[in-house]
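# Observations on the model geometry
The residues making up each chain are set out below.
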Amino acid sequence: MSGAPGIYEAFRDAIRAEQPVALATIIDGPDAGAVSDVRPGAGAKLLVLPDQPTLGTLGDPDLDRVVERDALGMLDAGISEVRHYGQHGEARQMDLSVFVECHARRPHMVIFGAVDFTRALASQAKLLGYRVTVCDAREVFATKRRFPMADEVVVDWPNRLLDRIGDDLGPRDAVCVLTHDHKFDVPAIVGALPTRVGYLGAMGSRTTHEKRTERLREAGVTDEQLEHVMAPIGLDIGGRTPEETAVSIVAEIIASHTGRQAPRLKDGEGRIH
Amino acid sequence: MDEILDDIDRWRAVGQRVAVARVVDIEGSGPRDPGAAMAVNQEGEVAGSVSGGCVEGAVVGEALELLGGRRGPGITTFGYSDDEAFAVGLTCGGTIHLFVEELDW
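Residues numbered from 1 in each chain as written. Chains lettered and ligands numbered in written order. Predicted model: local features only at pLDDT ≥ 70, side-chain atom pairs only at ≥ 80, totals over all residues. Heavy atoms only, no water.

### Considerations on the side chain of A:His103
- Here A:His103 shows up in strand 5 (residues 96-103).
- Judged by its relative accessible area of 13%, A:His103 is buried.
- Engagement of the side chain of A:His103 in a polar contact is seen with the side chain of A:Glu101, the distance being 2.7 Å.
- In contact with A:His103, other than residues within four places in its own chain, are A:Phe11, A:Ile15, A:Gln19, A:Pro20, A:Val21, A:Leu75, B:Met1 and B:Asp2. (Helix = DSSP H or I, 4+ residues; strand = E, 2+ residues; numbered from the N terminus. Buried < 20%, exposed > 50% of the residue type's maximum accessible area, 1.4 Å probe, protein only. Polar contact = N/O pair within 3.5 Å; in protein donor to acceptor, adjacent residues only side chain to side chain. Contact = heavy atoms within 4.5 Å.)

### Quick look at the interface of chain B and chain A
- Taken residue by residue, the interface counts 20 residues in chain B and 23 residues in chain A.
- Of the roughly 1,900 Å² buried at the junction of chain B and chain A (both faces included), carbon and sulfur atoms supply 62%.
- Considering only the surface of chain B that becomes buried against chain A, B:Leu5, B:Arg22 and B:Trp105 emerge as the three largest contributors, covering 31% of it.
- Inspection of the region where chain B meets chain A yields 6 salt bridges.
- The interface formed by chain B and chain A holds 8 residue pairs in polar contact (both at pLDDT 80 or more) in total.
- Elements that contribute at least two residues to the side of chain B that touches chain A include exactly helix 1 (5-13), strand 1 (18-27) and strand 5 (95-102) of chain B. (Buried area = accessible area lost by both parts, 1.4 Å probe. Salt bridge = Lys/Arg side-chain N within 4 Å of Asp/Glu carboxyl O.)

### Examining helix 2 (residues 61-77) of chain A
All names here are of chain A.
- Here helix 2 is 17 residues long and its end C-alpha atoms lie 25 Å apart, about the 24 Å a rise of 1.5 Å per residue gives.
- Three or more residues of helix 2 are buried, namely Leu 63, Asp 64, Val 66, Val 67, Asp 70, Ala 71, Met 74 and Leu 75.
- Elements that come into contact with the buried residues of helix 2 comprise strand 1 (21-28), strand 2 (45-48), strand 3 (55-57), strand 4 (81-85) and strand 5.
- Looking at the residues trailing helix 2, positive phi occurs at Gly 78, about 70°. (Expected span 1.5 Å × (residues − 1).)

### Observations concerning the packing of aromatic side chains
- Within this structure, the stated rule accounts for 3 aromatic pairs over all chains.
- Both rings, one in A:Tyr8 and one in B:Trp105, keep their centres 6.0 Å apart while their planes meet at 80°; by these two values the pair is edge-to-face. Highlighted residues: A:Tyr8 in helix 1 (residues 7-16) and B:Trp105 in the segment after strand 5, drawn from two different chains. Like B:Trp105, A:Tyr8 is buried.
- Taken together, A:Tyr8, A:Phe11 and B:Trp105 form an aromatic cluster joined through their ring pairs.
- Sitting over the face of the ring of A:Phe147, A:Arg119 holds its NZ or CZ atom 6.0 Å from the ring centroid. (Phe/Tyr/Trp six-rings, centres within 6.5 Å; stacked < 30°, edge-to-face > 60°. Lys NZ or Arg CZ within 6 Å of the ring centre and 35° of its normal.)

Keep in mind these values describe shape, not function.
Dropping the structure here:
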């Protein structure tokens with residue numbers, strides 16, 4: 001294999017370039033009961049990069065094909081774990097244990113509204129490893145100088161930004177609508193609903209949200225779609241300042257991913273602060 | 001894996017063989033998620049971690065056994081067990097499964 005980069009080199013380079021990459025390794029095989037620790041195939045590797053040919057092999061073309069498919073799904077979800085297969089990739093068989101280590105791209109948070117809460121939420125999101133985009137149609141507010149922590153500050157209407165990037169949003173990403181203004185909120189929510197984004201939240205008091213809900217219905221949003229909008233945004237922790245509110249928002253995002261029953265403002269009725 | 005790449009490159013550049021231990025599974029509470037990795041070179045130098053510090057010493061031992069040819073690649077388990085073979089445990093009471101192998105790929 002002189003000249004060709006090895007699996008490690010390709011894996012390392014993808015991680016450094018922040019390109020999504022999954023490394024599948026056979027960690028346990030048919031000989032699991034043997035006295036020796038050395039098992040046939042243990043350590044065999046398949047490197048999976050989206051939209052590129054795989055590198056290496058787990059020792060069977062059918063197994064490689066199945067593991068490549070699964071690894072791409074795991075990359076999308078950002079999960080690293082052990083999967084079990086038959087010798088030729090059969091599902092529901094336990095012959096082989098394959099560890100798939102995923103290095104997904106950073107999750108993306110899109111914040112609509114260049115307000116005070118945005119600054120705190122953008123900082124909190126950076127702490128959690130997000131790539132952060134701040135978007136507002138008002139160019140006096142949407143400046144890099146006001147949001148130095150953001151990776152990107154976009155002056156545009158929410159629906160136009162979502163037209164451009166909506167297809168790239170996935171289950172690990174988040175859209176937070178903080179404008180408090182129906183003329184921005186409604187196109188942001190309407191634009192985000194058809195995407196695959198994992199979390200969609202909108203700020204505002206219960207009264208604001210009731211009025212916004214009317215506008216959203218007029219724009220053709222169904223009750224079922226409204227259920228996917230976390231509004232009022234955040235967990236019910238009594239947060240008041242922008243920083244406290246930011247914590248309640250990212251905590252709600254974490255709870256959405258883990259499926260934990262944390263008390264959401266959306267599900268309550270009382271006062272927010 | 002990210003945080004150990006520089007050390008691995010440096011070691012390999014001077015011809016050191018390297019063993020890698022990666023967390024592949026956790027039962028109960030464990031400080032690091034699957035994918036956490038630690039690398040050990042022939043001299044016993046270490047990069048990265050696989051727990052909160054409870055098992056790293058034992059992992060170095062396994063890695064040196066591997067590089068010395070006294071064991072092969074495979075799963076090593078640390079954690080609470082009635083089996084006395086598991087002399088090293090996690091203070092948090094969890095069990096972690098590591099895959100230990102030489103970085104020869």
